Amino acid sequence: MALKALLFDVDGTLADTESQGHLPAYNAAFEEAGLEWRWSPELYRELLWQPGGRERLRHYILHHKPKLGVHRSKAREDTDNWVSEIHAIKSRHFKKRVSSGKVTLRPGVRRLMQEARAEGLQLAIVTNASSRSLEPFLQHTLGEELLGGITEVVSGEQVLRKKPAPDLYLEALKRLKLSAPECIAIEDSEMGLRAAHEAGIATLITINDDTREHDFSAASMVVDQLGECDVPIHFLKGRSQDARCVTLPLLRNLVAGNHTKKTAKTRSKRSA
Ligand SMILES: [Mg+2]
């Protein structure tokens, strides 16, 4: 089956949004709210296992029991609202960082998207992030022209269960009117891989510092970046004999390989 769409995760995949954007924005929000909390990169890496910003804050308050200071009574009596207030301050700081150019696309993202558009493939964004924080990020990093080439944006609040559940990917397939073997997901984390894999979509992983230790055994290929081809990238799982970076022919091969493997598995199950 031919490859018809590339499905991109956002945080950690399109850009190092966590280290360049979200983490400093959380710490700025804590300072603005008069909280002594400061999240280190190590603690944040642990909190990333929570599927969203509000979930991360709630988990931190519940399990790390930080000092609540003057917010004590509100934090205890009306936790959800208080968490939403802090999250709103964080989103404002994140937007400011994005609009001042502090969050940039990872190598190869623009090239691969342009290559896909030029060959008539569809592009979709599939992310746990909310559309509120997503829109300014996409506007600033992709720019009008590339953003205009994105067919669908499926964001966290549009489904019942975020990643690692497959809901976002299943919703993307439905909107694109495509089947799983016609798509490839590009992700950076185990949580994203589980979501795509459960939806039956072949997945290419581009690792980063927060995710290099994750379990990527279900991925079709793992690389350190999509790359620009003038500097060879590192293939951590799966190899392509002549590719120096992630290209459309390479993605087509991955999808074809994934389909062949699945067909062989189904046949051997049937004959067993
Ligand atoms: Mg991600």
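Each remark here, short or long, concerns the structure printed above.
Residues numbered from 1 in each chain as written. Predicted model: local features only at pLDDT ≥ 70, side-chain atom pairs only at ≥ 80, totals over all residues.

A. Spotlight on the overall build of the protein. Counting its regular elements, the protein contains ten helices and seven strands. The globule rule puts the C-alpha radius of gyration for 272 residues at 19 Å, and the 20 Å found for the protein is close to it. With respect to the principal axes defined by its C-alpha atoms, the protein has extents near 65 × 45 × 30 Å. (Helix = DSSP H or I, 4+ residues; strand = E, 2+ residues; numbered from the N terminus. Rg over C-alpha atoms; globule rule 2.2 N^0.38 Å.)

B. Representation of the pairing of strand β4 (residues 183-187). Counting buried residues along β4, five of its five residues qualify, which places the element largely inside the surrounding structure. Burial of β4 is two-sided: the residues Cys-183, Ala-185 and Glu-187 facing one way and the residues Ile-184 and Ile-186 facing the other way are all buried. Pairing of strand β1 (residues 5-8) with β4, which is carried by four bridges, proceeds in the parallel orientation. Looking across to β4, one finds that Leu-6 is bridged to Ile-184. As judged from the four bridges shared by β4 and strand β5 (residues 202-206), these two strands associate in the parallel manner. Counterpart to Ile-186 in the pairing with β5 is Leu-204. Each parallel crossover has a hand, and the one from β4 via helix α9 (residues 190-198) to β5 is right-handed. (Buried ≥ 20, exposed ≤ 12 C-beta atoms within 10 Å, placed from the backbone. Pairing = 2+ DSSP bridges. Right-handed = clockwise from strand over helix to strand, strands pointing away.)

C. Examining the sheet that holds β5 more closely. Strand order in the open sheet formed by seven strands is β3-β2-β1-β4-β5-β6-β7, and the pairing between neighbours is mixed. Every interior strand has two partners, whereas the edge strands, β3 (150-154) and β7 (235-237), have only one. Averaged over neighbouring strand pairs, the angle between their axes works out to 25 degrees when direction is ignored. Across four bridges, the pairing between β1 and strand β2 (residues 122-126) is parallel. By the bridge assignment for β2, Ala-5 is matched with Gln-122. (Axes fitted to C-alpha atoms, helices over the stretch in contact; angles between N-to-C directions.)

D. Geometry of unusual backbone geometry. Cis geometry marks the peptide bond from Lys-163 to Pro-164; its omega dihedral reads 20 degrees. With respect to the helices and strands, the residue Pro-164 is situated in the loop between β3 and α8 (167-176). For Lys-65, which is not a glycine, the phi torsion comes out positive at approximately 45 degrees. Of note, the phi angle at Lys-177 is positive, near 60 degrees, even though the residue is not glycine. Along the chain, the position of Lys-177 falls in the loop between α8 and β4. Classification of Lys-177 by C-beta neighbours within 10 Å gives exposed; the count is 9.

E. Here's a closer look at the environment of Glu-119. With respect to the element layout, Glu-119 can be found in the loop between α6 (109-118) and β2. With 10 C-beta atoms packed within 10 Å, Glu-119 lands in the exposed category. Each C-alpha atom, one on Glu-119 and one on Ala-243, is 18 Å from the other, the two residues being 124 residues apart in sequence.

F. A look at the packing of helix α3 (residues 53-64) against helix α5 (residues 79-99). At a minimum axis distance of 9 Å, the contact between α3 and α5 shows a crossing angle of 125 degrees. The angle between α3 and α5 falls in the class oblique. Regarding α3 and α5, the two cross each other, and that crossing is right-handed. In this structure, α3 uses Gly-53, Arg-54, Leu-57, Arg-58 and Ile-61 to contact α5, whose residues at the interface are Thr-79, Val-83, Ser-84, Ile-86, His-87 and Lys-90. A class-by-class count of the residues in the contact of α3 with α5 yields four nonpolar, four polar and three charged. (Parallel < 35°, antiparallel > 145°, perpendicular 65-115°, else oblique. Left-handed = near helix turned anticlockwise from the far one by under 90°. Contact = placed C-beta atoms within 7 Å. Nonpolar A, V, L, I, M, F, W, Y, C, P; charged D, E, K, R; others polar.)

G. Structural view of α9. Of all nine residues that make up α9, seven are buried, and the element is covered over most of its length. Among the residues making up α9, those that are buried are Glu-190, Met-191, Gly-192, Leu-193, Ala-195, Ala-196 and His-197. Structurally, α9 contributes buried residues whose contacts are with α8, β4 and β5. Where α9 ends, the next residue or the one after it, Gly-200, has phi of about 85 degrees, a positive value.

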